[in-house]
Amino acid sequence: MPKQKITRDMIADAAFELAREKGMEHAVLKNIAKAMGCSVQPVYSYYKNMNELKNCIYDKAMKFYQSYIYSRVDDNRLLESMGLANVLFARDETNLFKLLFLTEIDNLNSLSDVYDWMGDKSAAKQVEERYGLSQDGAKEVYIMLIVFTHGMANMIALGGAKISDEEIVEYIDKAYMSFVNSQKTIDEKS
């Protein structure tokens, strides 16, 4: 039987699946090689070091996250549906959520940096137009919803909270409208 040709993509896919199924701490050379049925040599031949492979896993995880989020977006409720999808991602893809959001991320030193990194400007624009908020006001609502939904997502991913979909939706909607109404009051005073 001829030897299977190992490719860089095959290694990246195997490493990503290990991180997804078991957690990033399991995406190590020995486990990747075992999952592929080969020695560690092919991994070394395609990746300079483990950091390069980890960056590849992270990039794949981010693309997976974005696909997950945008496949669940309601075009009429962009921001609310993105917040809900983020919480559901923490529940459904806990290991990837931990990899993406519970590890240190360079250059995120403020909530504004977080918005710039992960904010969808079309969702903020929809909030601005729907509620008559200023551009900065819509950004503030977006940031507050990020903080709220990530708090709920962390309770699920780290604490194993078993919150129903109905309750998640109910509290996201309540928080969202509270943030909008608070920001409307602020914008009106400005």
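What comes next is a walk through the structure. (Residues numbered from 1 in each chain as written. Predicted model: local features only at pLDDT ≥ 70, side-chain atom pairs only at ≥ 80, totals over all residues. Heavy atoms only, no water.)

A look at the pattern of salt bridges
Heads up, the rule is: Here a salt bridge means any side-chain nitrogen of Lys or Arg lying within 4 Å of a carboxyl oxygen belonging to Asp or Glu. Put simply, DSSP marks the helices as runs of H or I at least four residues long and the strands as runs of E at least two long, and each gets a number from the N terminus on.
Here the structure, examined in full by the defined rule, presents 12 salt bridges. Taking the shortest distance from any N to any O, the salt bridge between Glu17 and Arg20 comes out at 3.9 Å. In this pair, Glu17 and Arg20 both sit in helix α1 (residues 8-22), 3 residues apart, roughly one turn of the helix. Beyond isolated ion pairs, a larger network of salt bridges with shared partners links Arg77, Glu80, Arg130 and Asp173.

Brief notes about helix α10 (residues 165-189)
Because an α-helix completes one turn every 3.6 residues, residues spaced three or four positions apart along the sequence face the same direction. Convention followed: The length a helix should cover is 1.5 Å for every residue beyond the first. Each residue is assigned to one of three classes by its accessible area relative to the maximum for its type, calculated with a 1.4 Å probe on protein chains only: buried under 20%, partly exposed between the two thresholds, exposed over 50%. What makes two residues a contact is simply this: any of their non-hydrogen atoms within 4.5 Å.
Taking 1.5 Å per residue, 25 residues should reach 36 Å; α10 reaches 36 Å between its end C-alpha atoms and fits that length. Of all the positions in α10, only Ile168, Ile172, Ala175, Tyr176, Phe179, Val180, Gln183 and Asp187 are classed as buried. Buried residues along α10 sit against α5 (78-92), α8 (121-131) and α9 (135-159).

Description of the packing of helix α4 (residues 50-70) against helix α6 (residues 94-101)
To describe two helices that pack against each other, one gives the angle between their axes and the distance between the axes. For clarity, the threshold we go by: To define axes, lines are fitted to C-alpha atoms, for helices over the stretch in contact only, and angles between the resulting N-to-C directions are given on a 0 to 180 degree scale. Angles are sorted into four bins: roughly parallel if under 35 degrees, roughly antiparallel if over 145, roughly perpendicular if 65 to 115, and oblique for all others. Each crossing gets its handedness from the near helix: less than a right angle anticlockwise from the far helix is left-handed, clockwise is right-handed. Residues are grouped as follows: Ala, Val, Leu, Ile, Met, Phe, Trp, Tyr, Cys and Pro are nonpolar; Asp, Glu, Lys and Arg are charged; all remaining types, including Gly, are polar.
Remark: α4 packs on α6, axes separated minimally by 10 Å, with the N-to-C direction vectors making an angle of 115°. Taken together, the axes of α4 and α6 are roughly perpendicular relative to one another. The chirality of how α4 crosses α6 is left-handed. Residues Ile57, Tyr58, Ala61, Met62, Phe64 and Tyr65 of α4 pack against Leu96, Leu99, Leu100 and Phe101 of α6. Taken together, the residues of the contact of α4 with α6 sort by class into 10 nonpolar, no polar and no charged.

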